Amino acid sequence: GAVVSQHPSWVICKSGTSVKIECRSLDFQATTMFWYRQFPKQSLMLMATSNEGSKATYEQGVEKDKFLINHASLTLSTLTVTSAHPEDSSFYICSARPVAGSYNEQFFGPGTRLTVL
Amino acid sequence: GIQVEQSPPDLILQEGANSTLRCNFSDSVNNLQWFHQNPWGQLINLFYIPSGTKQNGRLSATTVATERYSLLYISSSQTTDSGVYFCAVGQAGTALIFGKGTTLSVSS
């Protein structure tokens, strides 16, 4: 149980285009999902907290107009990278916290590798 | 915010050796998780251990919450144990804060 999926696994796009990444909790409901970004040889850094039915909360330095987050249901959050540029190339990982069960444990998706040419 | 420090940053072992990875954190936490990041980037959830001791096969972990540290033990290491190990902590309902990781290399 407690499986989180991400789609796509990897994506290559041209500079200036937008890319949507989906994060789904497959066997549990999650009112809160988190989006992280990881650059090569570095740790994971929190980008934003996504709450079902409300606006996302962004970390300092993360452009909310560039990284659009929508948490439309208890099992799906999406991250859209708008007008992507090469510096947005990174590994994007989401996590979800189940509504039921252990209140604090989080489960992570397999990640999406974005390359912007 | 909470600071998370992992040590050592790098660890090189021969197959069969044992190792201990350490995670120190600067404030009380409700969540502590250990992960192994595989070569494809996926985070493998090893332990959810905000306090106490757990064991899973050759791996075990101990968190002493009152002293703000956690240890991950790997016994009889195998080449497949290679990768980056992350400790991440959080408070009730919040996101996890990750340490910088320990890169483990196990050679045969």
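All of the points below concern the structure found in this document. Since this is a predicted model, take the numbers as computed values, not measurements.

Check the secondary structure of chain B and you find 0 helices and 11 strands. Helices (α) and strands (β) of chain B occur, in sequence order from the N terminus, as β-β-β-β-β-β-β-β-β-β-β. A compact globule built from 108 residues should have a C-alpha radius of gyration of about 13 Å, and chain B, at 13 Å, falls within 12% of that. Here chain B holds 108 residues, and the buried ones make up 48% of them. Contacts in chain B between residues far apart in sequence, at least 24 positions, make up 54% of those at least 6 positions apart. Accessible surface for chain B amounts to roughly 5100 Å². Of this, 48% is attributable to carbon and sulfur atoms. Across chain B, the mean location of the 5 positive side-chain charges is 5 Å away from that of the 6 negative side-chain charges.

Let us look at the state of the cysteines. All told, the structure shown has 2 disulfides over all chains when counted by the stated rule. Across a sulfur-sulfur distance of 2.0 Å, A:C23 and A:C94 are joined as a disulfide pair. A torsion of 80° about the S-S bond marks the disulfide between A:C23 and A:C94 as right-handed. Of this pair, A:C23 sits in strand β3 (residues 19-25) while A:C94 sits in strand β9 (residues 90-97), and the two are 71 residues apart along the sequence. Disulfide pairing is shown between B:C23 and B:C87; the S-S distance is 2.0 Å. Judged by the torsion about the S-S bond (-60°), the B:C23/B:C87 disulfide is left-handed. Residue B:C23 is located in strand β3 (residues 19-25), and its partner B:C87 is located in strand β9 (residues 83-90); the two are separated by 64 residues in the primary sequence.

This paragraph deals with the sheet that holds strand β7 (residues 67-73) of chain A. All names here are of chain A. If you walk across this open sheet you meet the 4 strands as β1-β3-β8-β7, and the pairing is antiparallel. Looking at which strands have only one partner, the edges of the open sheet turn out to be β1 (4-7) and β7. Across the sheet, the axes of successive neighbouring strands diverge by a mean angle of 15°, strand direction being ignored. Inspection of the sheet shows β3 paired to strand β8 (residues 76-81) by 6 bridges, in the antiparallel sense. Note on β8: the bridge partner recorded for V19 is V81.

Once that is clear, we can look at the nonpolar core. A:V4, A:W35, A:F67, A:L79, A:Y92 and A:L114 are the most contacted members of the largest nonpolar core, which has 25 residues in total. Going through the elements one at a time, β2 (10-13), β3, β4 (32-38), β5 (44-51), β7, β8, β9 and β11 (112-116) of chain A are the ones with two or more residues in this core. Counting residues in each nonpolar core, the second largest holds 22 residues, with B:F25, B:I49, B:L59 and B:A61 among its members.

Okay, the sheet that holds strand β8 (residues 69-74) of chain B next. All names here are of chain B. One open sheet holds the 5 strands; their spatial order is β1-β3-β8-β7-β6, and the pairing between them is antiparallel. The open sheet has two free edges, formed respectively by β1 (4-7) and β6 (52-56), since each of these has just one partner strand. Neighbouring strand axes in the sheet, compared pairwise and without regard to direction, differ in orientation by 15° on average. In the sheet, β6 pairs with strand β7 (residues 59-64) via 5 bridges, with the strands oriented antiparallel. In the strand pairing of β7, G52 is matched with T63.

Inspection of every chain in the model, using the stated rule, returns 8 aromatic pairs over all chains. Considering the side-chain rings of A:Y36 and B:F98, the 5.6 Å spacing of their centres and the 80° angle between planes classify their relative orientation as edge-to-face. With one member in each of two chains, A:Y36 in strand β4 and B:F98 in strand β10 (residues 97-98) form a pair that bridges those chains. By the burial criterion, A:Y36 is buried, and B:F98 matches it. An angle of 75° between the planes, with centres 5.0 Å apart, marks the rings of A:F108 and B:F35 as edge-to-face.

Evaluation of the coordinates by the stated rule reveals 3 salt bridges over all chains. A salt bridge links A:E22 to A:R24; the nearest nitrogen and oxygen atoms lie 3.5 Å apart.

Reading the values: rules and limits
- Residues numbered from 1 in each chain as written.
- Chains lettered and ligands numbered in written order.
- Predicted model: local features only at pLDDT ≥ 70, side-chain atom pairs only at ≥ 80, totals over all residues.
- Heavy atoms only, no water.
- Helix = DSSP H or I, 4+ residues; strand = E, 2+ residues; numbered from the N terminus.
- Rg over C-alpha atoms; globule rule 2.2 N^0.38 Å.
- Buried < 20%, exposed > 50% of the residue type's maximum accessible area, 1.4 Å probe, protein only.
- Contact = heavy atoms within 4.5 Å.
- Areas by Shrake-Rupley, 256 points an atom, 1.4 Å probe, with all protein chains shown as cover.
- Lys, Arg positive; Asp, Glu negative; His and termini not counted.
- Charge placed at Lys NZ, Arg CZ, Asp CG, Glu CD.
- Disulfide = S-S within 2.5 Å.
- Pairing = 2+ DSSP bridges.
- Axes fitted to C-alpha atoms, helices over the stretch in contact; angles between N-to-C directions.
- Core = buried A, V, L, I, M, F, W, Y, C linked by side-chain atoms within 4.5 Å.
- Phe/Tyr/Trp six-rings, centres within 6.5 Å; stacked < 30°, edge-to-face > 60°.
- Salt bridge = Lys/Arg side-chain N within 4 Å of Asp/Glu carboxyl O.

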